[in-house]
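Listed below are the residues making up each chain.
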Amino acid sequence: MAQQRLGIIMNGVTGRMGMNQHLVRSILAIRAQAGVKLKNGDTVMPDPILVGRNEAKLAQLAKAHAIARWTTDLSAALKSREDTLFFDAATTKLRAKLLRRAIAAGKDIYCEKPIAETLADALEVARAAKAAGIKHGVVQDKLFLPGLLKLKMLIDSGFFGRILAVRGEFGYWVFEGDWQPAQRPSWNYRKKDGGGIILDMLCHWRYVLDNLFGEVKSVSCLGATHIPKRWDENGKAYKADVDDAAYATFQLANGVIAHVNSSWCTRVRRDDLVTFHVDGTLGSAVAGLQKCFSQARVNTPRPVWNPDVPQPIDFFKTWSEVPGDTYDNGFKMEWEMFIRHLFEGAPFKWTLVEGAKGVQLAEAGLRSWKERRWIDIPELEV
Ligand SMILES: NC(=O)c1ccc[n+]([C@@H]2O[C@H](COP(=O)([O-])OP(=O)(O)OC[C@H]3O[C@@H](n4cnc5c(N)ncnc54)[C@H](O)[C@@H]3O)[C@@H](O)[C@H]2O)c1
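No experiment lies behind these values; they were computed from the predicted model shown.

**A short note on the site of the ligand**
Right, on to step 1. Taken together, 22 residues lie near the ligand, and Thr14, Arg16, Thr92, Asp141 and Trp187 sit nearest.
Right, on to step 2. Within the side chain of Asp141, an N or O atom sits 2.8 Å from a nitrogen atom of the ligand.
Right, on to step 3. Contact with the protein chains removes 82% of the 850 Å² of surface that the ligand exposes when unbound.
Right, on to step 4. Sorting the residues of the shell around the ligand by element identifies helix H1 (16–32), helix H4 (92–104) and helix H7 (197–212) as the ones contributing at least two each.
Right, on to step 5. The element that contributes the greatest number of residues to the shell around the ligand is H4, accounting for three residues.
Right, on to step 6. Grouping the constituent residues of the shell around the ligand by class yields eight nonpolar, six polar and eight charged.

**A word on the state of the cysteines**
Right, on to step 1. Counted by the stated rule, this structure contains zero disulfides.
Right, on to step 2. In this structure Cys111 is a free cysteine whose sulfur lies 11 Å from that of Cys203, the closest cysteine sulfur available.
Right, on to step 3. Its relative accessible area of 0% is what places Cys111 among the buried residues.

**Quick word on the environment of His259**
Right, on to step 1. In this structure, His259 sits in strand E13 (residues 257–263).
Right, on to step 2. Among the residues examined, His259 registers a relative accessible area of 24% and is labelled partly exposed.
Right, on to step 3. When the C-alpha atoms of His259 and Gly324 are compared, they prove to be 27 Å apart, with 65 residues separating the residues in sequence.
Right, on to step 4. Contacts of His259, omitting those with residues within four sequence positions, involve Val166, Arg167, Gly168, Tyr247, Ala248 and Thr249.
Right, on to step 5. Polar contacts involving the side chain of His259 include one to the side chain of Thr249, which spans 2.8 Å.
Right, on to step 6. A polar contact is formed between the side chain of His259 and the side chain of Asn261, at a distance of 2.8 Å.

**Concerning the sheet that holds strand E18 (residues 375–376)**
Right, on to step 1. Here we have nine strands laid out as an open sheet, ordered E17-E16-E15-E14-E8-E13-E12-E9-E18, and mixed in their pairing. Of all the strands in the sheet, just strand E17 (320–321) and E18 have a single pairing partner and so form its edges.
Right, on to step 2. Bridging between strand E9 (residues 216–224) and E18 involves two bridges; their strand directions are antiparallel. Its bridge partner being in E18, Val219 is matched across the sheet by Ile375.
Right, on to step 3. The strands touched by H7 within the sheet are strand E8 (163–171), E9, strand E12 (245–252), E13 and strand E14 (274–280), with E12 carrying the most contacts at an inclination of about 25°.

**Describing the environment of Ala104**
Right, on to step 1. Mapping Ala104 onto the fold places it in helix H4.
Right, on to step 2. On a C-alpha basis, the gap between Ala104 and Ala129 in space is 8.7 Å, while along the polypeptide they are 25 residues apart.

**Quick look at unusual backbone geometry**
Right, on to step 1. In this structure, the amide linkage connecting Lys113 to the following residue, Pro114, adopts the cis form with an omega of -20°.
Right, on to step 2. Along the chain, Pro114 turns up in the loop between strand E6 (108–111) and helix H5 (119–132).
Right, on to step 3. With phi around 70°, Ala34 is a residue other than glycine that occupies positive phi space.
Right, on to step 4. Mapped onto the elements of the fold, Ala34 is located in the loop between H1 and strand E2 (36–37).
Right, on to step 5. Positive phi values are uncommon outside glycine, yet Ala66 reaches one of about 50°.

Calculation notes
Residues numbered from 1 in each chain as written. Predicted model: local features only at pLDDT ≥ 70, side-chain atom pairs only at ≥ 80, totals over all residues. Heavy atoms only, no water. Near = heavy atom within 4 Å. Polar contact = N/O pair within 3.5 Å; in protein donor to acceptor, adjacent residues only side chain to side chain. Areas by Shrake-Rupley, 256 points an atom, 1.4 Å probe, with all protein chains shown as cover. Helix = DSSP H or I, 4+ residues; strand = E, 2+ residues; numbered from the N terminus. Nonpolar A, V, L, I, M, F, W, Y, C, P; charged D, E, K, R; others polar. Disulfide = S-S within 2.5 Å. Buried < 20%, exposed > 50% of the residue type's maximum accessible area, 1.4 Å probe, protein only. Contact = heavy atoms within 4.5 Å. Pairing = 2+ DSSP bridges. Axes fitted to C-alpha atoms, helices over the stretch in contact; angles between N-to-C directions.

Spelled out as structure tokens, the structure:
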């Protein structure tokens with residue numbers, strides 16, 4: 001039983017997602033568990049080289065986690081034959097260009113969503129990857145959330161009967177940055193920097209809907225810029241010129257209707273920061289990040305409309321929690337699947353083509369908003 005090495009060029013790891021979910025919770029966690037086990041008993045040990053612009057930040061991060069290698073020279077890193085995988089979690093704006101560079105250097109690719117700002121760029125990247133014959137994957141983390149894994153189990157078991165509709169609520173209040181610092185980066189609110197909630201979130205809703213409920217066939221989306229002025233990381237006021245909320249309806253191939261509200265301007269009074277409420281003929285369920293609650297047809301309470309009395313039913317008490325084991329971090333689970341795909345050809349569905357589908361839906365959502373109409377989603381040809 002041998003130990004194999006995977007050299008990974010990790011770009012954008014001083015950012016929120018790159019550092020927390022990918023470096024610490026995934027790659028370092030995999031190293032701490034002595035690698036990814038393959039079917040033949042071998043293990044794969046990731047060996048990251050951290051890449052970024054700020055030498056001091058990189059050095060500090062590397063030191064804090066006892067990582068031996070870091071550099072500000074991406075070109076040199078891409079030339080190295082020791083490191084065969086390029087990973088990117090830097091800002092959206094730069095992604096397509098960076099992926100094209102890494103593909104041209106013969107690297108395999110794993111990256112955050114969205115894979116590009118436009119469908120044309122996303123397709124170009126996916127086609128370049130195909131032509132180069134490299135392996136590629138895109139983060140589709142919501143599929144590996146415990147709440148959604150439980151929901152998937154309910155779907156696969158036939159619990160819902162015929163699924164009628166899905167309502168998603170995503171969002172929370174992102175502080176403007178004046179009275180207290182914003183909890184998201186300011187580039188999220190600037191068009192020139194690749195911001196906007198439609199580009200950010202419709203990529204997620206594409207794979208969630210496609211994989212759990214049915215292929216997305218059509219979208220109607222209304223965006224809004226509710227908060228036009230925000231304050232950046234240095235306390236400087238700026239104009240927020242992109243959508244910070246999106247109200248989108250989707251028609252799925254099998255007739256299921258989905259509606260998802262995404263907002264950085266809403267105060268939470270629900271189970272979790274994202275919830276999916278699914279109604280079917282035989283039962284309903286509400287899934288959050290971790291938990292999932294179900295209510296079968298036979299357990300459905302019988303409300304009677306009467307505005308003259310306080311509501312006699314405590315509706316929250318009429319649902320049962322779907323039990324579940326403790327789940328591993330979703331980002332880590334997908335990393336492990338991708339590493340097995342690289343080393344033993346294990347199936348891996350979430351490629352750059354799936355990533356391009358996310359960008360396709362985001363672009364269609366933006367167009368629907370602009371043109372005030374439904375937009376159909378054709379099959380992608382890569
Ligand atoms: N899968 C998810 O749930 C999820 C959640 C949030 C963000 N994301 C995605 O992750 C990516 C990063 O988002 P974030 O919230 O971590 O952002 P962030 O601003 O916290 O991090 C961005 C990183 O990119 C680097 N960077 C910025 N400009 C750069 C430049 N010109 N050259 C080189 N590096 C540069 C920054 O130094 C930082 O390391 C985005 O594409 C976003 O869509 C995914």
